[in-house]
Each structure stands twice: as C-alpha cells, then as structure tokens.
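Observations on the model geometry
The lines below spell out each chain.
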Amino acid sequence: MDFTFTEDQQLFADSVKDFLQGEITAESIRASWETETGRSDELWAQITELGLPAMLVPEEFGGLGMTELDVVLMAIECGRVALHEPIVEMAMVATPLLAALAPNNEKCADLLGQIAGGEAKVAIAHTVNHVVADAHIADYLILPHADQIHLVAQADVKLEAQESVDPSRRLSTVDWTPSEATCIASGAEGVALLAATLNRGALASAAQMIGLAEAMVARSVQYSEERQQFGKPIGVNQALKHHMANCAVKTEFAKAPLYRAAYVLSMKPESADFAISHAKVVAGEAALFAAKNSIQLHGAMGYTWECDLHIWMKRSWALDKFWGHAGFHKNRTHQWLMNPNAQIGADNTFGAVAI
Amino acid sequence: MKLSFSAEDELFRKEVAAWLNDNLVGEFTQLKFRGGPGDEHMFPEERKAWEQKLAEGGWTCVGWPKEYGGRGCSIEQQVIFNEEYARCGAPGHVGHIGEGLAGPTIIAFGTEEQKQKYLPGIVAGKELWCQGYSEPGAGSDLANVKTKARFDEEKGKWIINGQKVWTSLAHESDYVFVIARTDPDSVAHKGLGFFLMKMDQPGIEVRGIEQITGTSEFNEVFFDDAECEADDIVGAPGEGWKVAMGLLGFERGVSTLGQQMQFQNELNQVIDIAKENGAYQDPTIRQRIAKAHTELKIMRYNSMRMLSGQGGGDGSLQKEALIYKLFWATWHRSMGELAMDVMGPESEILDGGPYELSRLQSMYLFVRSDTIYGGTNEIQRNIIAERGLGMPKEPRVAAK
C-alpha cells in the first residue's frame, strides 16, 4: 500500500507549477477579460511546448501516454493560478474520449495527433452541463446526442456566447444537426463513454477546486499579516485564525478522496462513480468554504472588484456547479450506498478488494 | 403575552396595503422588488420620485414622533408598515439612511435648530443622506478615525480633512454625517466630533468603488478642506463617539425591520425555482429550504420580542438585539448559497452582457457583504461575548 505520488509524478507537477506561477498572474487574467477570445495563442504555444495537451494521449497516437493519476496534481496547479486557458478540460476530458475510439476510428486518431502536436483544439459538451466551455476557440466539438457521440467541426455548428459569472470563462450554447457522418460512437458504447466523460469532467473540476481553495487561503493568510486593526495585524485574532484553520482542514481532507478518485479512474474506470462523486462534493465544499472565509477575512476589501479574490471565488462558484453540481453528486453517492449489492462494510472499506 | 395584532392595527394594515396598491402603479410599477440589498444602485431617480410619493401620502418616517413630521406609529404599526411595504414589492427606500439613521440621531442628540433644518427634508423624501464612518484604516476598529476637524475662527466654520470609505449612495446624497477628530492629540474613541455636512461643495469628492457584482453602490469620499457650519456639529466636540454609538443602535435595530419580508420574498422565489426545475425533489434541498423557512420565523419572532420590550422611543434596544445582526447576516449568506444550489448549473450563466447578473446571482454576491458591514460577524460575536455574557474584554490599545 502506498498512498503517495512517485517522484516523477511530483516532478512533473512541480515543473507545471513553476511555469504557471511564472506566467499567470491576477493581472494577466484581468487582461484576458478585455480581449475578444479571452485566450492567448502565445500562452497556448507554451502550454503545448510543455506537452500538456498530449498528456493523456496514448503514445501510439503521438502522446505521452500518461494516466489521470499522473496529471491530477497538474490540474490542482492550474486551479491554484485560476488558469483561464482550457488545458485541463481538453487534456483530461476530451482526449481520453477520443483515445478510447482512436484504435478503430481514423478521424479520432488523426485529431489526437493534431491535439498532441498543438495543431488543433477540441471542446466537449455533456448533458450534465447546460453550456460548452471554450467552444469559441475550438477546431472541433465533441457533442452528445441521445446515446450517440458526434465529432463536429466548429465551422459546421452555430455558437451562441453565454456570459459566465466568472469573467475568465467563455461559454457557448451550440446549435447543430447530428448526421451519420459526424457520429463517432453510439448505443452502449456511446452511453459508456458519456458516463466516463462525466467522471473525467468531475475529476478535473474537483482537482482545480483544491488548487483554488489553497490559493485563496494563502492570499488571506498573507493579507491577515498586512492589515492592521486595533493596532495589530488582524491575523492575531483567534476568530480569523480559526476561519483559516477550518479551511485548511476541509481542503486537506478533500485531497485524499481526490487522489483516490484519480487512482480509481486510472485503474478501474467502470467502478469510479462513487469515488468521483465523493471527490467532487468535498472539493466543491472546500473551495466554496475557502471563498466564503477568505472574503470574510478580507472584510469589505474582499467584496470589491479591485481585490483579486473574486477571480478565485467566481471560478469556484462555476466549477462547483459544472460537471454535476453538489446535489447531483450527493444523490449519486446515495444511490450507490443504497444499492442492495453496495460494497460497504469493513472488508470493503479497508480490504484488498477496495479500490 | 399577546401575539396577535389589535383590531385597530389590522385596520392600519388594510390602510397601508390599500395605499400601496393604489400608488405603486404606472411609472412606479417597474420599481417593484427593485432597489433592495445588492440592487441599491438601480433606478435612483425613479426611486427618489417614489420617496416623494410616499411622503405625499405621509408614509415616510412613520415611526418618528408627530412633532418632527413623522406619523407617530407604534412599534406594532411600524412592523405592519414594513411588512406590507415589502409584501407588495415596493422598492428599497433610497432615503433609508436619513430616515433610519441621520434623522433618529438628530432627534435624539441634535439641537432644535438642527431638527428644523434637516428633519423636514428627510420627511419630504427630498434630501438624501449618507454615512461617513469607515475609513481605510478604520473598519472593525471604527474608533481609529484619522479624518480631522479643526475650527477656523476666521471663517467661523469647521474644516474637515480626510477620507471615508464604503459610503453607500454617497453619489446620490445631499448630506453626509461624518465622525472626525476634533482633538488632534486624541486617540481611539476620545476627541471625536459628529458633523452634518453638505455633499455639494468643492472640498468633497466622491469616487465609486466597483463591487464584485460589477456595480457601484458605495464610494470613497475625500474631504479636502471641506466646510461644515459651526452649528452643524451634533453634541459637543469630543462627544462624537457617544452620538455615533447611539446611531449604531439604530442601524442594528429598528432600521432592519422591513428586511424580513424581503427575505421572505427571496425565499419564495427560490422555492418557485425549486418547484420549476425539479430541485425540490432533492431531499437535501428540501431540508435546507425548510431550515431557511424556520430560521426566518425565528428572526420574526425574535424581532417582535425585541421590539415589544422597547417602546421608549429613543431607539435603544435590549440585550437580545445584540444577536440579531449576526443571525440575519449569517442566515442571508446561507440563503444565497441555497439559491445557487437550487439553480444548479444555471446559476453560472448571466442574463446577458456586460456582466448582467440576475437578482438571485446578485443577491448571492451581495450577501457576502452582509456578514461584514455594520460590524463583522467576528465583531458581533465579540459584542455578544463581552457585552452580552460579560466575558473578559480583549486587550485594546489604550486611549490617551
């Protein structure tokens, strides 16, 4: 038994972290709000150079052949800087779906190669979401239609922009017509892939929310040292210390379920529902709680547009509701637990069969 | 104990409801359910006109004594008025700082001259007030006032220099009340004065602060040799803290009365959405809605209890009033979270651009300030523990 990451996994996450901390600042995020697409070709070129789009693309299709467990730490780092570029969803949600079909589908195989090489971008829709993220800069869209999955060129659909509460997010609704030519999966295969996609999206969101939560607490701790009231830093007050300590407890305790969810998804994806929902719920709670307590600690400053905190707060708000909101995932957990064949009890919780 | 209203009060309720029903029409229809918390920047001109309409009917300052132009309503009638006002969706009072804070302070502590000069404008709904308390370095530590007032013998006026912040509706206001240091060598709550000042003068500059809602309801206000008439200090120089504390009692008490019906309106809207989108089938949502409802009832019962013991007319409240701000602010913040969870994925999508929040989205953001302004939750808990329970006070920097 070993519930730790390997040195390679850790090194990879650290290198991504160094890159992101150097490139992404609150100022650069705010600057992106003012641009038409909200996205930067230059930044994307750097992201591609690091190999991030190719992470979960199998080696035979030009990728790095990594697993969810290898990249979950990277997703946390993307959350920590509130990254606005769509790398997490593209790499962790869209490419695995294409990879599942690529052995028997040339179109998917070709596209994977292009994504790995930084020549194409793809956005992915799901029935659990009401909108698609980053469809406006995608070359292709993966779109569900009943039990079918379609791969459609962006030029062949009509996008209508939807504004998000998070100015960093660029969302669209998609008007399109399914055809035989665009269908890449259907029937039982389509249903299974859509179910797996939901889990991957939820994992990607959960991981980012852990990074968001830690970033907000770090900023708040720093502010509590700087801001003076009653002739001393506000951080000396127990009331505020406890707010931050409670956040730390929630976030740390959300990491273990998150790591476990990444592990199960990479080892036995067909059994991952419970682990994924667990991770999404606790990560969302941690992020929203960190947002609430961080604003409270910042006082009225935390309620201003000028204070950077809302960049993280609004991303948490959006991701908590995206890829299945808390109620959705709690109900999935209930259903799993109430199943007459649910594998619960000590031997299942701690025994060898537990994944 | 008697938990029902008298027949006379019920008649009063009908009178209020009928007047509102007859008058909240035509040009004012668009104001229904607008201008409340998180929406106070909306329709300022139209809401000023509505304020004057209310005044024509004698429905401003209903709790003030008749001698000052009020309606002299009993506590029960004030409760009824506020309930009916919110029930029909009448807009947020653009004059509430004058009516709820400045006016009662002037009535309690002001001179006869000040009463005659300022109260009629508030009653008529024509003169709006804002509150100059907080400063960049004086938030929770309210007494850490740096704004200075010195009396200029030549001009025969007070000269004010400094900065206030988080001043709600300063950009719409005619007057501001300001606490400033009259004794430059003093610290903390000693040596302060309480000043009534005209906003429209060269020495005052107002700059809007953009909130996380993308709108600006409050402001920074800069005083650069701003002038205040010699007669417009309330109380003596050095008594400003006493006056300011009396006023905070109003803020935490009577002026929050009408909000419970607004809360009820919000809860009703959330319940409607839950029924519409199916969220009501989720047992965790059902429990949270039920909890929100029962806690709203607690607030209502408690405020009736609070106000029953009052009746002295000086606006002072009893001990149980100390808990009220903490309770409603925390409740309202949870209410925002519940609303977004009921909306689910739709909660992320704006009505339109640029940054056009729906009422509930705006409320979800605004409630973050509820637990901060007028004394943060942490300050409220200190007050409950120290003043309510008599626990040892935290060591403070000693005043000279």
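Residues numbered from 1 in each chain as written. Chains lettered and ligands numbered in written order. Predicted model: local features only at pLDDT ≥ 70, side-chain atom pairs only at ≥ 80, totals over all residues. Heavy atoms only, no water.

A short note on helix α1 (residues 7-23) of chain B
To keep it simple, the criterion reads: We count a stretch as a helix when DSSP gives it H or I for four or more residues in a row; a strand needs E for two or more, and each element gets its number in order from the N terminus. By this rule, a helix spans an expected 1.5 Å times one less than how many residues it contains. In this analysis, two residues are considered to be in contact whenever any of their non-hydrogen atoms come within 4.5 Å of each other.
Over its 17 residues, α1(B) extends 24 Å from the first C-alpha to the last, a length consistent with the 24 Å expected when each residue adds 1.5 Å. If you follow the buried residues of α1(B), they end up packed against α2 (44-56) and α3 (75-87) of chain B.

What about the pattern of salt bridges?
Two side chains with opposite charge may pair up if their charged atoms get near one another. Note the following rule: Think of a salt bridge as a Lys or Arg side-chain nitrogen and an Asp or Glu carboxyl oxygen that are within 4 Å of each other. We call a residue buried when its accessible area falls under 20% of the maximum for its residue type, exposed when it is over 50%, and partly exposed in between, using a 1.4 Å probe and counting protein chains only.
In the structure shown here, the tally under the stated rule is 31 salt bridges over all chains. Note that Asp166(A) and Arg315(A) form a salt bridge whose closest N and O atoms lie 2.5 Å from each other. Remark: Arg315(A) occurs in helix α10 (residues 309-321) and Asp166(A) occurs in the loop between β5 (158-163) and β6 (170-175); sequence separation between them is 149 residues. Look at Asp166(A) and you get buried, because its relative accessible area is 0%. Arg315(A) sits in the buried class, given a relative accessible area of 5%. Close ionic contact of Glu348(B) with Arg169(A) constitutes a salt bridge, the shortest N to O distance being 2.5 Å. Of this pair, Glu348(B) sits in the loop between α9 (324-343) and α10 (359-370) while Arg169(A) sits in the loop between β5 and β6, which puts the two residues in different chains. Note on accessibility: Glu348(B) and Arg169(A) belong to one class, buried. A single network of salt bridges, built from pairs that share partners, joins Glu10(B), Arg13(B), Glu83(B), Glu84(B), Arg87(B) and Arg300(B).

Description of the interface of chain B and chain A
Note the following rule: Accessible surface is computed with a 1.4 Å probe, and the buried area is the amount of it that two parts give up when combined, taken over both parts together. Here a polar contact is taken to be a pair of N or O atoms separated by no more than 3.5 Å, where protein atoms must pair a possible hydrogen donor with a possible acceptor and residues adjacent in sequence count only if both atoms sit in side chains.
Contacts between the two partners involve 49 residues from chain B, matched on the other side by 44 residues from chain A. Taking both sides of the interface into account, the surface hidden between chain B and chain A amounts to around 3,800 Å²; carbon and sulfur atoms contribute 59%. For the interface between chain B and chain A, the tally reads 3 salt bridges. Counting across the interface, chain B meets chain A through 25 residue pairs in polar contact (both at pLDDT 80 or more).

A look at the sheet that holds strand β2 (residues 132-133) of chain A
Strand pairing within a sheet occurs via backbone hydrogen bonds; the two strands may be parallel or antiparallel. Stated formally: A strand pair is defined by DSSP finding two or more bridges across the two strands.
Read from one edge of the open sheet, 3 strands run β2-β6-β5 (chain A), paired in antiparallel fashion. The open sheet terminates on both sides in strands that have one partner only, identified here as β2 and β5 of chain A.

Details of the environment of Lys241(A)
All names here are of chain A. Looking at the element boundaries, lysine 241 is found in helix α8 (residues 238-267). Along the sequence, lysine 241 and isoleucine 276 sit 35 residues apart, while their C-alpha atoms lie 31 Å from each other. Apart from residues no more than four positions distant in its own chain, lysine 241 is found in contact with Gly235 and Val236. Of note is the side chain of lysine 241, whose polar atom sits 3.1 Å from the backbone oxygen of valine 236.

Describing unusual backbone geometry
Across the junction of Gly353(B) and Pro354(B), the peptide omega takes the value -10 degrees, indicating a cis bond. Within the secondary structure, Pro354(B) sits in the loop between α9 and α10.

Observations concerning the domain arrangement of chain B
Residue and element names in this part refer to chain B. Here is the rule: Where each domain starts and ends follows an automatic or database-derived domain assignment. Residues are sorted three ways: Asp, Glu, Lys and Arg are charged, Ala, Val, Leu, Ile, Met, Phe, Trp, Tyr, Cys and Pro are nonpolar, and all the rest, Gly among them, are polar.
Splitting chain B by domain gives domain 1 (7-94), domain 2 (129-238) and domain 3 (252-388). Taking only C-alpha atoms into account, the centre of domain 2 sits 30 Å from that of domain 3. On the side of domain 3, 7 residues touch domain 2, which itself brings 5 residues to the contact. A buried area of about 470 Å², summed over both sides, lies between domain 2 and domain 3, and 68% of it is on carbon and sulfur atoms. When the buried surface of domain 2 facing domain 3 is broken down by residue, Ser140, Ile212 and Thr213 rank first, second and third, together holding 82% of it. Where domain 2 touches domain 3, the interface holds 0 salt bridges. Split into classes, the residues belonging to the side of domain 2 that touches domain 3 amount to 1 nonpolar, 3 polar and 1 charged.

Side note on the pairing of strand β4 (residues 148-153) of chain A
Residues and elements named next belong to chain A. Relative to β4, strand β3 (residues 140-145) runs antiparallel, the two sharing 6 bridges. Bridge pairing links leucine 141 to valine 152 in β4. Turn length for the β3-β4 hairpin, with the two strands adjacent in sequence and antiparallel, is 2 residues, and the turn residue alanine 146 shows positive phi of about 50 degrees. In the sheet, β4 pairs with strand β7 (residues 183-185) via 2 bridges, with the strands oriented antiparallel. Following the sheet pairing, isoleucine 149 is matched in β7 by alanine 185.

Some words on empty space enclosed by the protein
Residue and element names in this part refer to chain A. The criterion, for reference: Only protein atoms enter the 1 Å grid used here. Points where a 1.4 Å probe fits but cannot escape make up a cavity, open sets with protein on both sides within 12 Å along at least five of seven lines make up a pocket, and a residue lines them when an atom lies within 4 Å of a point. Grid points are joined across faces, edges and corners, and a volume is the space filled by probe spheres set on the points.
Scanning all chains against the criterion turns up 4 cavities of 30 Å³ or more. Estimated volume of the largest cavity: approximately 210 Å³. Within the residue set of the lining of the largest cavity, elements represented by two or more residues are α5 (87-101), α7 (187-226) and α10. When residues of the lining of the largest cavity are assigned to their parent elements, the largest contribution, 4 residues, is made by α5. Here the residues of the lining of the largest cavity sort into 10 nonpolar, 4 polar and 6 charged.

Section: the nonpolar core
To keep it simple, the criterion reads: In this description, a nonpolar core means a group of buried Ala, Val, Leu, Ile, Met, Phe, Trp, Tyr and Cys residues linked to one another through side-chain atoms lying within 4.5 Å.
Formed by 148 residues in total, the largest nonpolar core has its most connected members in Ile87(A), Met92(A), Leu98(A), Ile142(A) and Leu258(A). Among the elements that make up this core, the one with the highest residue count is α7(A) (16 residues). Here this core spans two domains, and each of domain 2 (129-238) and domain 3 (252-388) of chain B adds at least three residues to it. Excluding anything up to four places from it in sequence, Leu258(A) contacts Val72(A), Ile76(A), Leu203(A), Ala206(A), Ala207(A), Ile210(A) and Ala279(A). Residues Leu119(B), Tyr175(B), Phe194(B) and Trp241(B) belong to the second largest nonpolar core, which totals 28 residues.

Details of the packing of helix α4 (residues 68-80) of chain A against α8(A)
Residues and elements named next belong to chain A. Selection rule: To get an axis, fit a line to the C-alpha atoms, keeping to the stretch in contact for a helix; angles then go from 0 to 180 degrees between the N-to-C directions. Take the far helix as the reference: if the near one is turned anticlockwise from it by less than a right angle, the crossing is left-handed, and if turned clockwise, right-handed.
Where α4 meets α8, the closest approach of the two axes is 8 Å, and the angle between their N-to-C directions is 145 degrees. The interaxial crossing formed by α4 with α8 has right-handed handedness. Along the contact surface, α4 presents Glu68, Leu69, Val72, Leu73 and Ile76, while α8 presents Leu258, Tyr259, Ala262, Tyr263, Leu265 and Ser266.

Let's talk about the sheet that holds strand β1 (residues 122-124) of chain A
All names here are of chain A. With respect to topology, 4 strands assemble into an open sheet ordered β1-β3-β4-β7, the strand pairing being mixed. Only two strands of the sheet have a single partner each, and these edge strands are β1 and β7. Neighbouring strand axes in the sheet, compared pairwise and without regard to direction, differ in orientation by 30 degrees on average. Across the sheet, α5 touches β1, β3, β4 and β7, and the angle it forms with β1 is around 90 degrees.

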